[in-house]
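The chain contents come next:
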Amino acid sequence: LELQLKRLEDHEPRGPLSNNFLEVRCICNFIWLAVSSSLFNSSNASKQTFFYLRDPAINMPSSSSALTVLVVGATGATGKHVVVQLLQKHHAVRTIVRSSDRLLSSLGDILGAKDMDNYASQLQVTEAAILDLSDEELQKQVDGCDAIVQTLGHNMTFKGMYGAPRKLVSESIRRLTKAAEAAKLADGKKMKVILMGSDGVSHPDKTTDDKRPVSERVVLSLIRALVPPHRDNEAAAKYIYADVGTDKSFEWTVVRPTDLVEAETISKYVAYDKPMGGLFGDNTVSRINVAQFMVDLLISDKAWKTWVYKMPVVHNAEDELVAKAAAALK
């Protein structure tokens, strides 16, 4: 338990956690270690795995002119990188944030104060909590956009996890997709909607992902019961897959990063159609790489067609387990 606590304190990407949540995560990790030591950690390896390797040294060809993208969750640790990368590629960005000062400060830390001035005309900031906006106000934010990226997450504090709104992620994507359905794009184009989840959220079709070992299913059941944000993320993915489906006037994908870490530069990443490796600690992906993947989906029709209506799982390509898996699939 002490080792697990140290690991959480060193690697938790969202900032300090409350003692209550640390205890929950430590207990869940400890149970997982205990159970997995007594059970065979087998998985269904018969299913075909598709993977997509991206080298940032090779420029991604853009399939479109300048886009207008609404980013929800722009002050978050991943969302801010999405905003920066879109601005750097000369796209227009709209954001809905609770604190414009916090957004501009975080963007300035990445871009520098001087460069921020150069992007001022591309950035539109609306200061509000998304669930507090009326339907009409939200529709105005969505109208005229080519894409929506939602990277919202609950603050990893006791209040953020157990206080209102408990359905922040699922209610936000529900309202955004309804606005996307009502919006009309020129030339019959379909708006792109990207939802960021995690690889701890299983694909709702129950067939794409391999069946997890019993040890991991026990831990996930405990997390589902004890940690409301996990249930919220599952509900959001299920809503997109089951309720939205594939017959709307917009298209979607759910990006499921593996364990998130910080990095200053973009590196090679790989996307799979299902989780690879174990649930805890086997794989990592930098937030800046997750942002790069989402931006690639927006600007490249080829990348979008590869992952539309799917739930790709993103890893850093240098991870040993991912490298072995990629080699085995060649």
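This text follows the structure it describes.
Residues numbered from 1 in each chain as written. Predicted model: local features only at pLDDT ≥ 70, side-chain atom pairs only at ≥ 80, totals over all residues. Heavy atoms only, no water.

J.: Would you mind going over the packing of aromatic side chains with me for this structure?
T.: Aromatic ring pairs are described here by two measures, namely the spacing of the ring centres and the angle between the planes. Within the structure shown, the criterion is met by three aromatic pairs. For the ring pair phenylalanine 293 and tryptophan 307, a centre distance of 6.4 Å and an interplane angle of 85 degrees mean the geometry is edge-to-face. Here tryptophan 307 lies in helix α12 (residues 301–307) and phenylalanine 293 lies in helix α11 (residues 287–299), a separation of 14 residues in the sequence. Comparing phenylalanine 293 with tryptophan 307, the two get one shared label, buried. Each member of the aromatic cluster is reached from another via a ring pair, and the members are Tyr269, Phe293 and Trp307. (Phe/Tyr/Trp six-rings, centres within 6.5 Å; stacked < 30°, edge-to-face > 60°. Helix = DSSP H or I, 4+ residues; strand = E, 2+ residues; numbered from the N terminus. Buried < 20%, exposed > 50% of the residue type's maximum accessible area, 1.4 Å probe, protein only.)

J.: How should the packing of helix α3 (residues 79–88) against α11 be read in this particular structure?
T.: Any two packed helices are characterised by how steeply their axes cross, that is the angle between the axes, and by the distance between the axes. Between α3 and α11, whose axes approach to 8 Å, the crossing angle comes to 50 degrees. Classified by the angle between their axes, α3 and α11 sit oblique to one another. Crossing angle aside, the handedness with which α3 passes α11 is right-handed. Here His81, Val82, Gln85 and Leu86 of α3 lie close against α11, whose contacting residues are Arg287, Ile288, Ala291, Gln292, Met294, Val295 and Leu298. (Axes fitted to C-alpha atoms, helices over the stretch in contact; angles between N-to-C directions. Parallel < 35°, antiparallel > 145°, perpendicular 65-115°, else oblique. Left-handed = near helix turned anticlockwise from the far one by under 90°. Contact = heavy atoms within 4.5 Å.)

J.: Even after reading the chapter, I still don't get the sheet that holds strand β4 (residues 123–127), so can you show me in this structure?
T.: Adjacent strands of a sheet form backbone hydrogen bonds with each other and so pair up, either parallel or antiparallel. Pairing is mixed in the open sheet, where nine strands are placed in the order β1-β9-β11-β7-β6-β5-β2-β3-β4. The sheet is open, and its two borders are formed by β1 (51–54) and β4, each paired with just one other strand. Averaged over all pairs of adjacent strands, the angle between strand axes in this sheet comes to 20 degrees, irrespective of strand direction. Looking at chain direction, strand β2 (residues 68–72) and strand β3 (residues 92–97) are connected through five bridges and run parallel. (Pairing = 2+ DSSP bridges.)

J.: How should the packing of helix α8 (residues 168–182) against helix α10 (residues 228–244) be read in this particular structure?
T.: Viewed as axis vectors pointing N to C, α8 and α10 meet at an angle of 30 degrees, and their least axial separation amounts to 7 Å. When the interaxial angle is binned, α8 and α10 end up roughly parallel. Within the contact between the two elements, α8 uses Leu168, Val169, Ser170, Ile173, Arg174, Thr177 and Lys178 and α10 uses Asp232, Asn233, Ala235, Ala236, Tyr239, Ile240, Asp243 and Val244. By residue class, the composition of the contact of α8 with α10 is eight nonpolar, three polar and four charged. (Nonpolar A, V, L, I, M, F, W, Y, C, P; charged D, E, K, R; others polar.)

J.: Is there a simple way to think about the side chain of threonine 78 in this case?
T.: Among the secondary structure elements, threonine 78 is positioned in the loop between β2 and α3. Overall, the relative accessible area of 2% leaves threonine 78 in the buried class. Contact partners of threonine 78, with chain neighbours within four places excluded, come to Met196, Arg287, Val290, Ala291 and Met294.

J.: Looking at this structure, how should I read the pattern of salt bridges?
T.: Once the charged atoms of two side chains with opposite charge are near each other, the side chains can pair. According to the stated counting rule, one finds 10 salt bridges in the structure shown. Taking the shortest distance from any N to any O, the salt bridge between glutamate 216 and arginine 212 comes out at 2.9 Å. One exposure class covers both glutamate 216 and arginine 212, and it is buried. A salt bridge links glutamate 262 to arginine 287; its shortest N-O distance comes to 3.4 Å. Here the residue glutamate 262 occupies a position in the loop between β8 (259–261) and β9 (269–272), and arginine 287 occupies one in helix α11, the gap between them amounting to 25 residues. (Salt bridge = Lys/Arg side-chain N within 4 Å of Asp/Glu carboxyl O.)

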